[in-house]
Amino acid sequence: MRRKLWPTAERMTLAASPARPLADEVVSFHAAAATRRLRPYLAKDGPSLKEGAIYRSFLDEDGESRASTRMFAPTVVLGAADGWEIRIAAPAAEKMLELMGQHSPSETGGILVGRIAATKKTIYVSRLVPAPPDSRGTPYVFTRGTEQLPEALELVRRRTGGLLTYVGEWHSHPMGGSDLSDTDKHAVISLRSILDHVGLPTLVTIVTPDEIRPHLFEPTSPPVTVDPPRRRFIGFIRATLGWRPR
């Protein structure tokens, strides 16, 4: 598995309402607090920070101040085909592994929600939509249902102001093996018949006990093919010799 770890909080923004500009001393206070927090990590020989972090400082009207820190596990960053990168928020990656363990030995899966940055060839996965109630999983195949799925995706869209949307599918292979099965390939073909026509990549991610592996296909990627099923030996004898059991 190609995997890199980066902080999930990648930038800091200071902002104020246009109707209520911040006083100079308030700006200076927060700038000083941020500088003090960042200084050790900006130093030439300073410590490194693999986790993401949000540092918050508060200054009330009476001059009382306080601060808090929230840490985030590293984002899971995976390489995919044609130079694409899949960045999965740690809680989403952990949830996939948790669900795989809960349903093992049967397969399970669901929908990946996030954003697609086509110009950067990057897909950001921020959360999961659980498998619809009519989904079915066995130790050999997972069939993702559709019941209540449009409503669930519409709820995500409304709550995030359209920032987050469907970006792909995931399912588990609890017995191992991260290659696409023939069933998976048929699913990819079906998804591409829709997504290729609107210029979107098709992402199918397989989760195993050992790795999280994305399979990505651009609209310009070669068609996915499925090998014809092999005939059993008895079928070969019947076809070539015309033999029938008595």
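Everything here concerns the structure above.
Residues numbered from 1 in each chain as written. Predicted model: local features only at pLDDT ≥ 70, side-chain atom pairs only at ≥ 80, totals over all residues. Heavy atoms only, no water.

Caption draft 1: Up close: the side chain of H173. Along the chain, H173 turns up in the loop between β10 (165-172) and α4 (182-195). Overall, H173 belongs to the buried group, its relative accessible area being 9%. A polar side-chain atom of H173 sits 3.4 Å from a polar atom in the side chain of D184. (Helix = DSSP H or I, 4+ residues; strand = E, 2+ residues; numbered from the N terminus. Buried < 20%, exposed > 50% of the residue type's maximum accessible area, 1.4 Å probe, protein only. Polar contact = N/O pair within 3.5 Å; in protein donor to acceptor, adjacent residues only side chain to side chain.)

Caption draft 2: Representation of the pairing of strand β6 (residues 109-117) within the structure. For β6, a buried count of seven out of nine residues is recorded, marking the element as mostly surrounded by other parts of the structure. Bridge count for β6 against β10 is six bridges, and the pairing is antiparallel. Following the sheet pairing, V113 is matched in β10 by Y166. As paired strands, β6 and strand β7 (residues 122-130) are joined by eight bridges and run antiparallel to one another. Along β7, the bridge assignment pairs A117 with T122. What sits between β6 and β7 in their antiparallel hairpin is a turn of four residues, with K121 showing a positive phi close to 50°. (Pairing = 2+ DSSP bridges.)

Caption draft 3: Region of interest: helix α2 (residues 90-103). Counted at 1.5 Å a residue, the expected span for α2 with its 14 residues is 20 Å, and the 20 Å between its end C-alpha atoms agrees. Residues of α2 that are buried: A90, A92, A93, M96, L99 and M100. (Expected span 1.5 Å × (residues − 1).)

Caption draft 4: View of the environment of I189. In this fold, I189 is placed in helix α4. Using a relative accessible area of 36% as the deciding quantity, one classes I189 as partly exposed. Sequence separation between I189 and V224 is 35 residues, and the spatial gap between their C-alpha atoms is 6.4 Å. Apart from the residues lying within four places of it in its own chain, the contact partners of I189 are V224 and V226. (Contact = heavy atoms within 4.5 Å.)

Caption draft 5: Representation of unusual backbone geometry within the structure. The omega torsion of the bond from S104 to P105 falls at 15°, within 30 degrees of zero and hence cis. Look at D82: it is not a glycine, yet its phi comes out positive at around 60°. As for its placement among the helices and strands, D82 is situated in the loop between β4 (75-79) and β5 (85-88). Of note, the phi angle at Q148 is positive, near 65°, even though the residue is not glycine. A residue is classified by how much of its surface remains accessible, and Q148, at 49% relative accessible area, is partly exposed.

Caption draft 6: The nonpolar core, seen in detail. Core analysis: the biggest nonpolar cluster contains 21 residues, and I86, I88, M96, L112 and I123 have the highest contact counts within it. Where this core is concerned, the elements lending two or more residues are β4, β5, α2, β7, β10, β11 (202-207) and β12 (212-217). Take this core: its biggest share by element is five residues, from α2. For M96, the residues in contact, after removing those within four places along its chain, are I88, L112, L128, W170, V207 and I212. Counting residues in each nonpolar core, the second largest holds seven residues, with L180, I206, F217 and V224 among its members. (Core = buried A, V, L, I, M, F, W, Y, C linked by side-chain atoms within 4.5 Å.)

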